[in-house]
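# Structural features, examined
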Amino acid sequence: MVVDEENFWTKAAGLRPGLAPLLRGEASCPEGFPGLQLARCVDESGHSLADWLDSLALLREWIVLHPRPAPWLLQLGYVSCCSDYARARVGSLPLPEVVRDFLEGYGFEGGSG
């Protein structure tokens, strides 16, 4: 899969104007640009980019209220886990709803990535 970084962030900004620039500014990845990692997660999940952006926004809000290290790849991993859970359920649940439930039930430990 070939993903153009500028086109990816333009699309993300069109979906969630206030969130995409924050994610782009904070995200750092050892492999390629951060959007490539997000694009791969979205493709593998079956959930929309909008659902992923909403879910990452929920996670960011939680991290602001419960400060801890939260590297980009760890955030993607958390939402990926929620996505796997949502897909495994009969009648697939909305990803942001699952992330909210996971944060309320289990929190987010964070870490150095």
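The following refers to the structure shown. Owing to the predicted nature of the structure, the values given are computational and were not obtained by experimental measurement.

### So, helix 5 (residues 72-88)
Its 17 residues give helix 5 an end-to-end C-alpha distance of 24 Å, which sits within 8% of 24 Å, the value for a rise of 1.5 Å per residue. By the burial criterion, the buried members of helix 5 are W72, Q75, L76, Y78, V79, C82, S83 and A86. Looking down the long axis of helix 5, one finds its buried residues gathered within 160 degrees of arc, a one-sided arrangement.

### Points about the packing of aromatic side chains
This structure, assessed with the given rule, holds 4 aromatic pairs. Summarising the aromatic geometry, the rings of F102 and Y106 are spaced 5.4 Å apart at their centres and angled 70 degrees between planes, so their arrangement reads as edge-to-face. Here F102 and its partner Y106 are both found in helix 6 (residues 95-106), 4 residues apart, which amounts to about one turn of the helix. When its relative accessible area of 14% is taken as the criterion, F102 is described as buried. Counting every residue linked through ring pairs, the aromatic cluster contains W62, Y78 and F108.

### Concerning the side chain of Q75
Along the chain, Q75 turns up in helix 5. Reaching out from Q75, the side chain makes a polar contact with the backbone oxygen of A70 at a distance of 2.7 Å. Each residue touching Q75, except ones within four places of it in the same chain, is listed here: L56, L59, R60, I63 and A70.

### Brief notes about the nonpolar core
The tendency in soluble globular proteins is for nonpolar side chains to be buried side by side. Formed by 27 residues in total, the largest nonpolar core has its most connected members in L38 and W52. Secondary structure elements with two or more residues in this core: helix 1 (5-15), helix 3 (34-45), helix 4 (49-65), helix 5 and helix 6. Looking at this core, the element that brings in the most residues is helix 4, giving 8 residues. What L38 contacts, discounting residues up to four positions off in sequence, is F8, L49, W52, L53, L56, W72 and L76.

### Examining the environment of F108
In this structure, F108 sits in the segment after helix 6. For F108, a relative accessible area of 5% gives the class buried. For the pair F108 and W62, spaced 46 residues apart in sequence, the C-alpha separation works out to 8.2 Å.

The rules behind these values
Numbering of residues begins from 1 in every chain and follows the order in which that chain's sequence is written. pLDDT decides what is reported in this predicted model: residues at 70 or higher carry local features, side-chain atom pairs at 80 or more are listed and counted, and totals for whole chains, interfaces and linings draw on all residues regardless. With hydrogens and water stripped out, all remaining heavy atoms of the structure feed into the side-chain values. Strands here mean DSSP runs of E at least two residues long; helices mean DSSP runs of H or I at least four residues long; both are numbered from the N terminus. What a helix is expected to span follows from its residue count: subtract one and scale by 1.5 Å. The buried label applies to any residue whose accessible area, calculated with a 1.4 Å probe on protein chains only, is under 20% of its type's maximum; exposed applies above 50%, and partly exposed to all values in between. As used here, the arc belongs to the directions running from the helix axis to the C-beta atoms. Two rings belonging to Phe, Tyr or Trp (six-membered ring only in the last case) form a pair when the distance between their centres is within 6.5 Å. Interplanar angles under 30 degrees mark stacking, angles over 60 mark edge-to-face geometry, and anything in between is tilted. Definition of a polar contact: a pair of N or O atoms within 3.5 Å, with one able to donate and the other able to accept a hydrogen when the atoms are protein atoms, and with sequence-neighbouring residues admitted only if both atoms are side-chain atoms. The contact rule is simple, with two residues in contact once any of their heavy atoms fall within 4.5 Å. Nonpolar cores were defined as sets of buried Ala, Val, Leu, Ile, Met, Phe, Trp, Tyr and Cys residues, with membership established by side-chain atoms within 4.5 Å.

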